[in-house]
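Examining the three-dimensional arrangement
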Amino acid sequence: MCMKGRVHRYEGYPMWKTTVPIRVMRLVGVSDVIISTATGGLNRGYKIGDVMIIKDHINMPGFSGDSPLIGKNDERFGPRFPGMSNAYDKQLRQEAKNVVKEMGIEESVHEGVYVMLGGPSYETVAELRLLRLLGADAVGMSTVAEVVVARHCGMRVFAFSLITNKCIMDWDTDDEPLHTEMLSSHSGEPPDQMPAV
Ligand SMILES: O=P(O)(O)O[C@H]1O[C@H](CO)[C@@H](O)[C@H]1O
Ligand SMILES: Nc1nc2[nH]cnc2c(=O)[nH]1
């Protein structure tokens, strides 16, 4: 089963609605999920067009109490308090890294931490500096809620992000992250890493 795009919290859907497709997949017997996302690169070593295999996340909306699992827990899916310390399956990450090595594209594929913000506004310079200090390598506005719901119902997760823009961490610039840039960075020729997927 393959999804073409997703809906986001900032489009006005409550978090649980953005993750309904994951539960539908589970109900029809899907056991493993591969999640992709567009992100801004916080890690200064990342270039536009690079891929980051997600090894962990920072759930910013979760910090303020927004979660797709809010409300009465449905035990048919999973427990009230699901663990998240091994959210991104080690074996799947290792298999992906083996493929990356075989293909000789290690320079443009990294492994790092994804941070989810609510959006839809992009981040200020101060916010980006804070996220970097917290240990995040790439920032986006999705993915984490899907991962939380997938792990809650026992699915294995592999997730990766395309670095569509470099985060602006400097106050002395007039540069702005533009959504048109994000779109153009993943249209046209597929990036070198696509065969790995
Ligand atoms: O995560 P996906 O859906 O790839 O989209 C990413 O790109 C959009 C911003 O350009 C945000 O929605 C961000 O999360
Ligand atoms: N929050 C956020 N989401 C993104 N999605 C693609 N690029 C970005 C970015 O720079 N910030």
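Every value quoted in this text rests on a predicted model; they were computed, and no experiment measured them.

Quick notes on the rules
Residues numbered from 1 in each chain as written. Chains lettered and ligands numbered in written order. Predicted model: local features only at pLDDT ≥ 70, side-chain atom pairs only at ≥ 80, totals over all residues. Heavy atoms only, no water. Helix = DSSP H or I, 4+ residues; strand = E, 2+ residues; numbered from the N terminus. Buried < 20%, exposed > 50% of the residue type's maximum accessible area, 1.4 Å probe, protein only. Contact = heavy atoms within 4.5 Å. Areas by Shrake-Rupley, 256 points an atom, 1.4 Å probe, with all protein chains shown as cover. UniProt positions renumbered as here; feature names shortened; annotations may be inferred. Patch = residues over 30% accessible without salt bridge, like charges linked within 9 Å, V, L, I, M, F, W, Y side chains within 5 Å. Salt bridge = Lys/Arg side-chain N within 4 Å of Asp/Glu carboxyl O. Pairing = 2+ DSSP bridges. Axes fitted to C-alpha atoms, helices over the stretch in contact; angles between N-to-C directions. Near = heavy atom within 4 Å. Polar contact = N/O pair within 3.5 Å; in protein donor to acceptor, adjacent residues only side chain to side chain.

Here we take up the overall build of the chain. What the chain contains, in helices and strands, is seven helices and five strands. The linear arrangement of helices and strands in the chain, starting from the amino end, is α-α-β-β-α-α-β-α-β-α-β-α. In the chain, which comprises 197 residues, the proportion classed as buried is 43%. Across the chain, the fraction of contacts at a sequence separation of at least 24, relative to all contacts at a separation of at least 6, is 84%. A total accessible area of about 11100 Å² is found for the chain, and carbon and sulfur atoms account for 55% of it.

What follows deals with the UniProt feature "domain: Nucleoside phosphorylase" (unreviewed entry) in the chain. In the UniProt entry, the feature "domain: Nucleoside phosphorylase" (unreviewed entry) is given for residues 3-168. Between the C-alpha atoms that bound residues 3-168 there is a distance of 31 Å. The span itself is 29% helix and 25% strand.

Judged by side-chain polarity, Met1, Trp16, Val20, Val24 and Val28 come together as a nonpolar surface patch covering roughly 520 Å² of accessible area. Exposure remark for methionine 1: the relative accessible area of 69% places this residue in the exposed category.

Moving on, we get to the pattern of salt bridges. Per the counting criterion, the structure on display carries nine salt bridges. Here arginine 93 ties to glutamate 111 by a salt bridge, and the two come within 2.7 Å at their closest N and O atoms. Of this pair, arginine 93 sits in helix α4 (residues 90-103) while glutamate 111 sits in strand β3 (residues 109-116), and the two are 18 residues apart along the sequence. A salt bridge links arginine 132 to aspartate 137; the shortest N-O distance between them is 3.1 Å. On the basis of relative accessible area, aspartate 137 is assigned to the buried category, the value being 10%. Here the residues in one salt-bridge network are Asp32, Asp89 and Arg156, joined through shared partners.

The next thing to look at is helix α6 (residues 144-152). By the criterion of burial, α6 is predominantly enclosed, with eight of the nine residues buried. The set of residues buried in α6 consists of Val144, Ala145, Glu146, Val147, Val148, Val149, Ala150 and His152. Where the residues of α6 are buried, they touch α1 (15-18), α2 (20-27), β1 (32-41), β2 (51-59), β3 and β5 (156-166). Once α6 finishes, glycine 154 follows within two positions and takes phi at roughly 80°, a positive value.

In this section: the sheet that holds β2. Within the closed barrel, the five strands sit side by side as β1-β4-β3-β2-β5. Their pairing is mixed. Here the average twist between neighbouring strands, direction ignored, is 50°. Inspection of the sheet shows β2 paired to β5 by three bridges, in the antiparallel sense. What sits directly across from valine 51, in β5, is leucine 162. Strands β1, β2, β3 and β5 of the sheet are contacted by α6, whose axis makes an angle of about 80° with β2.

The next point concerns the site of ligand 1. Every one of the eleven residues lining ligand 1 counts as a neighbour, but His8, Tyr10, Thr37, Tyr122 and Ser142 are closest to it. Between an oxygen atom of ligand 1 and a main-chain N or O atom of methionine 141, the distance comes to 2.8 Å. Contact with the protein chains removes 85% of the 350 Å² of surface that ligand 1 exposes when unbound.

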